[in-house]
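Take a look at the letters that make up each chain.
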Amino acid sequence: MKKLYRSDRDKRISGVCGGLARYLNIDTTLVRLLAVAAALFSLGTVVFLYILASILMPKENYNSYPEGYEYY
């Protein structure tokens, strides 16, 4: 079963966009661009949701990587 984690390796601020991109299996840059655009047009709602997600989402650990994933 796939779980949503904050990324520990692919992060700029807290890893929410990196974790969401990995969960959805899409490019992290696309998720970040969409998050910035949504933050600009939502009058701060997305910023609040990002902060809330960074608090509530668990941080990934080495057990959360799929089998055969090469981490350093």
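Here the structure is a predicted model, which is why all the values come from computation and not from measurement.

(A) Inspection of the side chain of Ser54 at higher detail. Inspection of the secondary structure puts Ser54 in helix α3 (residues 45-56). A polar atom in the side chain of Ser54 sits 2.8 Å from the backbone oxygen of Ile51.

(B) A look at unusual backbone geometry. Backbone geometry places Asn25, a non-glycine residue, at a positive phi of 60°. Residue placement: Asn25 occurs in the loop between α1 (16-24) and α2 (28-41). Unusually for a residue other than glycine, Leu43 sits at a positive phi of about 60°. Here Leu43 shows up in the loop between α2 and α3.

(C) Representation of the UniProt feature "transmembrane region" (unreviewed entry) in the chain in the model. The UniProt entry lists residues 30-57 under the feature "transmembrane region" (unreviewed entry), expressed in the numbering used here. Structurally, residues 30-57 is divided into 86% helix and 0% strand, and its ends, taken at the C-alpha atoms, are 20 Å apart.

(D) Looking closely at α1. For α1, the set of buried residues is Val16, Cys17, Gly18, Gly19 and Ala21. The inward-facing, buried residues of α1 abut α2 and α3. Two residues or fewer after α1 comes Asn25, characterised by a positive phi angle close to 60°.

(E) Focus on α2. When the terminal C-alpha atoms of α2 are compared, their 20 Å separation across 14 residues agrees well with the 20 Å that a helix rising 1.5 Å per residue should span. Within the sequence span of α2, burial applies to Thr28, Val31 and Arg32. With its buried residues spanning 100° around the axis, α2 presents them on a single face. Of the exposed residues in α2, those oriented more than 90 degrees away from the buried face are Leu33, Leu34, Leu40 and Phe41. The elements touched by buried residues of α2 are α1. Phi turns positive one or two residues past the end of α2, at Leu43, with a value near 60°.

Thresholds applied
All chains use their own residue numbering, which begins from 1 and follows the written sequence. Residue-level local features of this predicted model are given only where pLDDT is at least 70; pairs of side-chain atoms are given and counted only at 80 or more, and the full residue set underlies all totals for whole chains, interfaces and linings. Computation of side-chain values: all heavy atoms of the structure, hydrogens and water removed. Strands here are runs of E lasting at least two residues and helices are runs of H or I lasting at least four, both read from the DSSP assignment and numbered beginning at the N terminus. Identification of polar contacts relies on pairs of N or O atoms within 3.5 Å, with a donor-acceptor requirement for protein atoms, meaning one able to donate a hydrogen and the other able to accept it, and with residues adjacent in sequence counted only if both atoms are side-chain atoms. UniProt positions are given in the numbering used here, feature names are shortened, and annotations may be inferred rather than shown by experiment. Relative accessibility thresholds used throughout: buried, under 20% of the residue-type maximum; exposed, over 50%; partly exposed, between the two (1.4 Å probe, protein chains only). Residues are treated as being in contact if the distance between any of their heavy atoms lies within 4.5 Å. Given the number of residues in a helix, its expected span is that number minus one, multiplied by 1.5 Å. Summarising the geometry, the arc corresponds to the directions from the helix axis toward the C-beta atoms.

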